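What follows is each chain in one-letter form.
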Amino acid sequence: MAEFADHAALRVQAGNGGNGCASVHREKFKPLGGPDGGNGGRGGNVLFEVDGSTATLLDFHRRPVRKAGNGKQGEGSNRNGADGVDLIVKVPNGTVVKDRDGDVIADLIGAGTRFVAAAGGRGGLGNAALASQRRKAPGFALKGEPGEERELTLELKTIADIGLIGFPNAGKSSLISAMSAAKPKIANYPFTTLIPNLGVAEAGNVQFVVADVPGLVPGASEGKGLGHDFLRHVERCSALVHVLDCATPEPGRDPVTDLETIENELARYEATTGESLAGTLLTDRPRLVALNKIDVPEAREMADFVADELKERGYQVFDVSAASTEGLRELKFAMAELVKQARAEAPEPEQVRVVIRPKAVRDSGFEIVKTADGYLIKGEKPVRWVQQTDFSNDEAIGYLADRLARLGVEEALAKAGAEEGDTVLIGDEEDAVVFDWDPELQAGSGPLPGPRGTDRRFG
């Protein structure tokens, strides 16, 4: 199995809330001392936490499902159930979290940064908490809410100051090995580098991270070759270095043509994805050009031949050799200057960027949709209340009816044209709870007196 992965699908399941307890206090000479059922515990959250020692998403390929602990049920004598245990999932620095639709919901940067990927369900209230002037001794409790379940996609974007870009076998791995302590795999064939390699370089008093990312070929912006597996890792680099092979034997290739091809792929990728860093387009990042392999006589001649043209295009050009280390010192100091400038101009980085979609101020909490089967009620509150209801207990059903009536559901159904006997569904259409609507039911007025656990409106 591969040792690196920068893309993974993951299903996260937060813990379910514990059920509330319906209990009556009993002691000698006090057979009915009042409700004393405790609340259920909260379900555990699934949290992502950036871990500096984690460098790959490979573990998510091995274990693509993560689940937090459930909350415990409440007990008598007003004892609340224990909360479920949170599940902390370690992710690499630079992990982007996307939902099922491909929208970014979090961008995790900085060791220790946390993000709640799935929220645990709230525990159900016990009958002690449900007691009121109308219901002095409830004979029911609320069920715990199910934990949130989400299908997510994780993408890893390398955190580096400088990105080395170039065709396969251009010598990027050799350069990063010569400039730092990194020891990437190096061989004389294309696509030796299948994973991003990082090295820490130093010039003067500036330390910076250099990324040697997988090689690029024409059509990479459309996914050819290593495609997006390459391009994803240059998005966060504040500056780029074109590593141009001056000794390539391939016909139709030369350093200038290679540079134009790479720039074209960057532009097309950016136009497709709309990716940018702090408002700076990928095509606008500072560039340097390294004419590599000048230890080969023919390559030195080629470098001398194209250098003036590249300088006329506005590039700083350096003749370098990873084999002999010629020109590397000058290149490193130029890279350090770009990094120093980028750091001075960069705003304070956000540790985590979360997309927030606020609800409308006048949101009624539900909507009614006419369907072929009847009327479908959608909304966070009605769905949550249904999930909390024990439908084996008539008193609990009556409590649900009262809550829905106070929310305005009964009135809205009447305005929508619902008639006695019409089917009313609450929740998702495929998995909804079905009721027959009875407008004569005195919902909202509270329970009619009767034995505990019953409601005479449903007798």
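No experiment lies behind these values; they were computed from the predicted model shown.

**Q** So what's going on with the overall build of the protein chain? Which residues, and what values?
**A** Across its full length, the protein chain carries 10 helices and 21 strands. Every one of the 459 residues in the protein chain was classed for burial, and the buried ones make up 47%. For the protein chain, the exposed surface amounts to about 23000 Å²; the carbon and sulfur share of it is 49%.

**Q** Just give me the short version of the sheet that holds strand β21 (residues 433-436), but keep the residues and values in it.
**A** The four strands lie next to each other as β18-β19-β20-β21, forming an open sheet whose pairing is mixed. One side of each edge strand has no neighbouring strand; the edge strands of this open sheet are β18 (367-370) and β21. For this sheet, the mean inter-axis angle between neighbouring strands, taken without regard to orientation, is 25°. The pairing of strand β20 (residues 423-426) with β21 spans four bridges and is antiparallel. Of the residues in β21, the one forming a bridge with I426 is V433.

**Q** Describe the environment of L331, with residues and values.
**A** By the element assignment, L331 lies in helix α7 (residues 328-345). Look at L331 and you get buried, because its relative accessible area is 1%. In sequence terms L331 and F318 are 13 residues apart; their C-alpha atoms lie 6.4 Å from each other. Excluding residues that lie within four positions of it along the chain, L331 makes contacts with L288, A290, F318 and V320.

**Q** Describe the environment of L328, with residues and values.
**A** By the secondary structure assignment, L328 is in helix α7. For L328, a relative accessible area of 5% puts it in the buried group. For L328, the contacting residues outside a window of four places in its chain are L175, A178, M179, V320 and S321.

**Q** Go over the packing of helix α8 (residues 380-388) against helix α9 (residues 394-407), please, and point to the residues and values.
**A** A pair of packed helices is characterised by two quantities: the angle between their axes and the separation of those axes. Running from N to C, α8 and α9 point in directions that differ by 170°, and their axes come no closer than 10 Å. Classed by the angle they form, the pair α8 and α9 counts as roughly antiparallel. The segment α8 lies against α9, with K381, P382, W385, V386 and Q388 engaging L400, R403, L404 and L407. Looking at the contact of α8 with α9 residue by residue, the classes come out as six nonpolar, one polar and two charged.

**Q** Can you explain the pairing of strand β8 (residues 149-156)? Please cite residues and give values.
**A** Looking at chain direction, strand β1 (residues 7-13) and β8 are connected through seven bridges and run antiparallel. The residue of β8 that forms the bridge with A9 is T153. Strand direction decides the pairing type here: strand β5 (residues 95-98) and β8, joined by four bridges, are antiparallel. Within β8, the residue paired with V97 across the bridge is L154.

**Q** Account for unusual backbone geometry, with residues named and values stated.
**A** Of note in this structure, K293 is not a glycine but carries a positive phi near 70°. In this structure, K293 sits in the loop between β15 (287-292) and α6 (297-312). Owing to a relative accessible area of 22%, K293 belongs among the partly exposed residues under this scheme. Notably, T325 is not glycine yet its phi reads approximately 65°, a positive angle.

**Q** How would you sum up the environment of I109? Please name residues and give values.
**A** By secondary structure assignment, the location of I109 is in the loop between β6 (104-108) and β7 (114-118). Each C-alpha atom of the pair I109 and I159 lies 8.7 Å from the other, and the pair is 50 residues apart in sequence.

**Q** Please provide a residue-by-residue account of the pairing of strand β11 (residues 206-212), values included.
**A** A large share of β11 lies buried, amounting to five of its seven residues. Examined bridge by bridge, strand β9 (residues 162-165) and β11 share three bridges and lie parallel to one another. Directly across from I162, in β11, lies its bridge partner V210. Sheet topology note: the strand β10 (residues 197-203)/β11 ladder contains seven bridges and is antiparallel.

**Q** Would you mind going over the packing of aromatic side chains in detail, with residue names and values included?
**A** Under the criterion given, the structure shown has two aromatic pairs. Judged by centre distance (6.1 Å) and plane angle (50°), the rings of F391 and F435 are tilted. Placement of the pair is F391 in the loop between α8 and α9 and F435 in strand β21, with a sequence separation of 44 residues. Overall, the relative accessible area of 24% leaves F435 in the partly exposed class. Stacked on the ring of Y375, the Lys or Arg K370 has its end atom at 5.1 Å from the ring centre.

**Q** Provide a residue-level description of the sheet that holds strand β4 (residues 87-91), including the pertinent values.
**A** Sheet architecture is open: three strands sit in the order β4-β2-β7, paired in mixed fashion. The open sheet has two edge strands, β4 and β7, and neither has a second partner. Strand-to-strand twist across the sheet, computed as the mean angle between neighbouring axes with direction ignored, equals 30°. Of the pairings in the sheet, the one linking strand β2 (residues 46-50) to β4 comprises five bridges and is parallel in character. By the bridge assignment, L47 is partnered in β4 with I88.

**Q** Please give an account of the pattern of salt bridges that cites residues and values.
**A** What the rule picks out here adds up to 21 salt bridges. A salt bridge links E49 to R114; its shortest N-O distance comes to 2.6 Å. Note that E49 is positioned in strand β2 and R114 in strand β7, a separation of 65 residues in sequence. Given a relative accessible area of 12%, E49 falls into the buried group. Between R313 and E309 there is a salt bridge, and its shortest N-O distance comes to 3.0 Å. Residue classification places E309 among the partly exposed residues on the basis of a relative accessible area of 35%. One continuous salt-bridge network, built from bridges that share partners, spans E49, K90 and R114.

**Q** Can you lay out the side chain of R403 for me, pointing to particular residues and giving the numbers?
**A** Topologically, R403 is positioned in helix α9. Side chain to side chain, R403 and Q388 meet in a polar contact 3.1 Å long. In this structure, R403 is in contact with L142, W385 and Q388, ignoring residues within four places of it in sequence.

Procedures and definitions
- Residues numbered from 1 in each chain as written.
- Predicted model: local features only at pLDDT ≥ 70, side-chain atom pairs only at ≥ 80, totals over all residues.
- Heavy atoms only, no water.
- Helix = DSSP H or I, 4+ residues; strand = E, 2+ residues; numbered from the N terminus.
- Buried < 20%, exposed > 50% of the residue type's maximum accessible area, 1.4 Å probe, protein only.
- Areas by Shrake-Rupley, 256 points an atom, 1.4 Å probe, with all protein chains shown as cover.
- Pairing = 2+ DSSP bridges.
- Axes fitted to C-alpha atoms, helices over the stretch in contact; angles between N-to-C directions.
- Contact = heavy atoms within 4.5 Å.
- Parallel < 35°, antiparallel > 145°, perpendicular 65-115°, else oblique.
- Nonpolar A, V, L, I, M, F, W, Y, C, P; charged D, E, K, R; others polar.
- Phe/Tyr/Trp six-rings, centres within 6.5 Å; stacked < 30°, edge-to-face > 60°.
- Lys NZ or Arg CZ within 6 Å of the ring centre and 35° of its normal.
- Salt bridge = Lys/Arg side-chain N within 4 Å of Asp/Glu carboxyl O.
- Polar contact = N/O pair within 3.5 Å; in protein donor to acceptor, adjacent residues only side chain to side chain.

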